[in-house]
Amino acid sequence: MSRQIPQQGGTERQRGEMTDGPGQAGGTARRRAVPAAKPASRVRMSATQRREQLISIARQVFAERGFDATSIEEVAARAKVSKPVVYEHFGGKEGLYAVVVDREVRSLLERITTALTAGHPRELLEQAALTLLTYIEEETSGFRVLVRESPLMSATGNFSSVMNDVAHQVEHILGAEFSSRGYDPKLAELYSQALVGMVALTGRWWLEVRKPRKETVAAHLVNLAWNGLSHLEAKPGLSTSRKPG
């Protein structure tokens, strides 16, 4: 009978194994094929995390486009979710916008209120001006949302309502200062609105130009406001309305 010669390597390759080449010691070591790595699965956000993500994205879109030009479709696309997810959290564009604005209003008002700690009126003016400019610098998107016109009024207001709140705080400080200097304290409201309005409008201008640096802008604002307050006339009048002598 003739002997059957066993075939070399067939069964080893069928098991997914390979014999080492001649360059390796003994030629008997084997290595197994490395299984392919499984693709990483996406981590699902919690409802709170998703809500925060949508607010952050919407804040940016509202800052870029304004209320009217912003769409739920774009917010959803940037968040990589479907539109129903956005509606589920906020009910619609108006609800989403209100949440974004409310947060910015509270954030800015808290900053300014916290900053108004000095006792001297000039230092208070410096703190208010620098705080607003710092907010514009650090939270540019938030400030753009606040100063853009919109047909809606959020629960806590808008930029104007924040400035009115700040003006009321300044009014109490100026009222006491006016009384001590012999001026009519009833005019403190008028002057507080003028001062805060000057700082707010300058802040909107600086938002676009960003120079000079914020400390220099604040110093010039205080220079104009404080030196003007230091030389107030008790009963000012318009020079154009004075009759020639």
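Residues numbered from 1 in each chain as written. Predicted model: local features only at pLDDT ≥ 70, side-chain atom pairs only at ≥ 80, totals over all residues. Heavy atoms only, no water.

Quick look at the overall build of the protein chain
In terms of helices and strands, the protein chain carries ten helices and two strands. For the protein chain, the α and β elements follow one another from N to C terminus as α-β-β-α-α-α-α-α-α-α-α-α. Classification of the 245 residues of the protein chain by burial places 36% in the buried group. Put simply, 63% of the contacts in the protein chain that link residues at least 6 apart link residues at least 24 apart. As displayed, the protein chain has an accessible area near 16000 Å², and 53% of this comes from carbon and sulfur atoms. (Helix = DSSP H or I, 4+ residues; strand = E, 2+ residues; numbered from the N terminus. Buried < 20%, exposed > 50% of the residue type's maximum accessible area, 1.4 Å probe, protein only. Contact = heavy atoms within 4.5 Å. Areas by Shrake-Rupley, 256 points an atom, 1.4 Å probe, with all protein chains shown as cover.)

Let's talk about unusual backbone geometry
Cis rather than trans, the peptide bond between Lys211 and Pro212 has omega equal to 0°. Structurally, the position occupied by Pro212 is in the loop between α9 (188-209) and α10 (214-230). For Lys80, which is not glycine, the phi dihedral falls at a positive 60°. Positionally, Lys80 belongs in the loop between α3 (72-79) and α4 (83-90). For Lys80, a relative accessible area of 66% puts it in the exposed group. In this structure, Arg210 is a non-glycine residue whose phi angle is positive, near 60°. Assignment of secondary structure puts Arg210 in the loop between α9 and α10. Of the residues examined, Arg210 reaches a relative accessible area of 32% and is grouped as partly exposed.

Brief notes about the packing of α9 against α10
Interaxial distance between α9 and α10 falls to 11 Å at its minimum, and their mutual angle equals 155°. On the basis of the axis angle, α9 is roughly antiparallel to α10. Considering how the two elements wind past one another, α9 and α10 form a crossing that is right-handed. Of the residues in α10, those in contact with Tyr191, Leu195, Met198, Val199, Thr202 and Trp206 of α9 are Lys214, Val217, Leu221, Leu224, Ala225 and Leu229. Split by residue class, the contact of α9 with α10 holds ten nonpolar, one polar and one charged. (Axes fitted to C-alpha atoms, helices over the stretch in contact; angles between N-to-C directions. Parallel < 35°, antiparallel > 145°, perpendicular 65-115°, else oblique. Left-handed = near helix turned anticlockwise from the far one by under 90°. Nonpolar A, V, L, I, M, F, W, Y, C, P; charged D, E, K, R; others polar.)

Some words on empty space enclosed by the protein
A probe matching the size of a water molecule, rolled over the atoms, marks out where space remains unfilled. Going through the model one piece at a time under the given rule, you end up with three cavities of 30 Å³ or more. Mapped onto the lining of the largest cavity, the elements with two or more residues apiece are α6 (121-138), α8 (159-181), α9 and α10. Considering each element in turn, the lining of the largest cavity owes the most residues, six residues, to α6. Its residues placed into classes, the lining of the largest cavity shows 19 nonpolar, no polar and no charged. Within this model, the second largest cavity holds a volume of roughly 50 Å³. What lines the second largest cavity is simply Leu174, Glu177, Phe178, Arg181, Tyr183, Trp226, Leu229 and Leu232. Looking at the lining of the second largest cavity, the elements that each hand over two or more residues are α8 and α10. Along the lines of polarity and charge, the residues of the lining of the second largest cavity split into six nonpolar, no polar and two charged. (1 Å grid on protein atoms, 1.4 Å probe; cavity = no way out; pocket = protein on both sides within 12 Å on 5 of 7 lines; lining within 4 Å. Points joined across faces, edges and corners; volume = space filled by probe spheres on them.)

Section: the UniProt feature "DNA-binding region" (unreviewed entry) in the protein chain
UniProt annotation of "DNA-binding region" (unreviewed entry) refers to residues 71-90 when read in the numbering used here. In residues 71-90, the share of helix is 80% and the share of strand is 0%. The end C-alpha atoms are 13 Å apart. (UniProt positions renumbered as here; feature names shortened; annotations may be inferred.)

Some remarks on the packing of aromatic side chains
Within this structure, the stated rule accounts for seven aromatic pairs. Where Phe62 meets Tyr97, the ring centres are 5.1 Å apart and the plane angle is 80°; that geometry is what we call edge-to-face. On the criterion of sequence distance, the pair formed by Phe62 in helix α2 (residues 47-69) and Tyr97 in helix α5 (residues 93-115) is long-range, its members being 35 residues apart. A relative accessible area of 2% places Phe62 in the buried class. For Tyr97, a relative accessible area of 6% puts it in the buried group. Ring plane angle 80° and centroid distance 5.3 Å describe the contact between Phe178 and Tyr191, whose orientation is recorded as edge-to-face. Here Phe178, found in helix α8, pairs with Tyr191, found in helix α9; they are 13 residues apart in sequence, far enough to count as distant. Across the pair, exposure class does not vary: Phe178 and Tyr191 are buried alike. An aromatic cluster is defined as three or more aromatic residues linked by ring pairs; in this entry it consists of Phe62, Phe67 and Tyr97. (Phe/Tyr/Trp six-rings, centres within 6.5 Å; stacked < 30°, edge-to-face > 60°.)

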